[in-house]
Structures are given as structure tokens and as C-alpha cells.
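Analysis of the macromolecular model
Chain by chain, the residues:
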Amino acid sequence: MTNRERRDAGLAYISDESIMAEQAECRKILQKLNFMDRSDFAGIRSVVKELLGKSDGAFINPPFYCDYGKHIETGKNFFANYNCTLLDVARIRIGDNCQMAPNVAIYTAGHPIHPMSRNSAYEYGKEVTIGDNVWIGGNTVICPGVHVGDNVVIGAGSVVTKDIPDWSMAAGNPCKVIRKITGDDRQKLFRDEEIDPQAWADIVERMK
């Protein structure tokens, strides 16, 4: 097997010239994205579509960093805020209506634990999946192989090392489920503050 085939199969691989050539192509697109006029929203959206392997209405506030871009698949209405890093050695699959706050990092890349193996230049990638309707708070790190379910909120500053089930509010280092999200949360805005009647009426109308 080639190193590209090994990488894509989730096996140990070495970043040889063919892999670095793929990364170079990605960096050309990132250079364009990260240095373009920040007020050119249409232009940014166009370059994001060029960068990502699959997207539908995705928008990213630059700067943004990734290894390949083409290994990132996002559903409808994906939004990533400033300074997000998605190390997409393996696939990163993100569902519909997902939001990432500033400084979110998703790492699929990893290295062997023992220094003998690690110093050999072999590394690996393990897929990360994010479900639909997920909000990931600022400065969160999601580690290789993690699955985050649907309708999840991850609190700021979390380090997610294990799977998070559907309809959960989770936070911490290591990230743990705090409680389930229920119908009682529908009109909540911030802590115990509720969405005001005018905005709530508009939300109800929009969701019909």
C-alpha cells in the first residue's frame, strides 16, 4: 500500500512527497482565504466551497487552518468562527446546522505513544463525526476518533476525548455530560433568562 492508501485506511503512515503535495494544494487555498478582504462575504463563501470536500452553504470566518480541506464534509448551514483548526488527516464529518465558536480545534491526527515508534515519522488519523444541530463552545478541543451526537452543546474550554450522546449538554476537561437538553430549554436564552416574547414569536413563526 502507498502511504496515501495507508493514511486513508486509518493505518500508520508517513507523510511522504505525495502527501505533502496534497497539503501544498490545500495551503494555496488557505492562503487565499486567510488573506482576503474580511468584508467580502460572498468571496469568502466561494473559497470555503472550493476548500471543503463537501459543503452546503458553509461559512468560515478566517483565519482558518486545516491539512487537506477535501477530507472535511459539512452539512447545511455550517458556521465556524475565527481561528478554528480542523486537522483532517482522517475524515471530519459534520452534520446540518452546526456552529463552532472561536478557537475550536478538531484533531483526527495522532502519533504513537512510545518514543521509538513516534520518532520513526509514522503517524495516523482517526475519523471524527459531529451530528446535526451541534454548538461547540470556544477553545474546545475534540480528539481523534470521537463521535458527537445530534442536538449537543459542548461548553467552552472542553477537551472531548470520548463520545457524547444525543441531546446532551457537556463540558469540562475531560468533557463529560452535565445534563440532557429537554423541551424545557426551548425558550431559554442565557442561564435562566428567557427569550423575550417578540423574538420568541418570530422564532416560532420561522420554525413552522
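Higher on the page you've got the structure.
Everything numeric in this text was worked out from a predicted model, so none of it was measured.

**Digging into the environment of Gly-57**
With respect to the secondary-structure elements, Gly-57 resides in the loop between β2 (54-56) and β3 (59-60). For the pair Gly-57 and Gln-23, spaced 34 residues apart in sequence, the C-alpha to C-alpha distance is 24 Å. Not counting chain neighbours up to four residues away, the residues in contact with Gly-57 comprise Arg-45, Asn-77 and Phe-78.

**What to know about the sheet that holds strand β4 (residues 64-66)**
Here 5 strands make up an open sheet; going across it, the order is β4-β7-β10-β15-β18 and the pairing parallel. Both outer strands of the open sheet, β4 and β18 (159-160), are each paired with one neighbouring strand and no more. Two strands pair when backbone bridges link them, and strand β10 (residues 105-107) and strand β15 (residues 141-142) are joined in this way by 2 bridges, in the parallel orientation. Looking at β15, one finds that Ile-106 is bridged to Ile-142.

**Let's talk about the packing of aromatic side chains**
Aromatic ring pairs are defined here through the distance separating the ring centres and the angle between the ring planes. This structure, assessed with the given rule, holds 2 aromatic pairs. Ring geometry for Phe-59 against Phe-79: centres 6.5 Å apart, planes inclined by 5°, an arrangement best described as stacked. Of the two residues, Phe-59 is situated in strand β3 and Phe-79 in strand β6 (residues 79-80); the sequence distance between them amounts to 20 residues. The class for Phe-79 is partly exposed, based on a relative accessible area of 27%. A network of ring pairs unites the aromatic residues Phe-41, Phe-59 and Phe-79 as a single cluster.

Calculation rules
Residues numbered from 1 in each chain as written. Predicted model: local features only at pLDDT ≥ 70, side-chain atom pairs only at ≥ 80, totals over all residues. Heavy atoms only, no water. Helix = DSSP H or I, 4+ residues; strand = E, 2+ residues; numbered from the N terminus. Contact = heavy atoms within 4.5 Å. Pairing = 2+ DSSP bridges. Phe/Tyr/Trp six-rings, centres within 6.5 Å; stacked < 30°, edge-to-face > 60°. Buried < 20%, exposed > 50% of the residue type's maximum accessible area, 1.4 Å probe, protein only.

Geometric descriptors of this kind do not, in isolation, establish any biological role.
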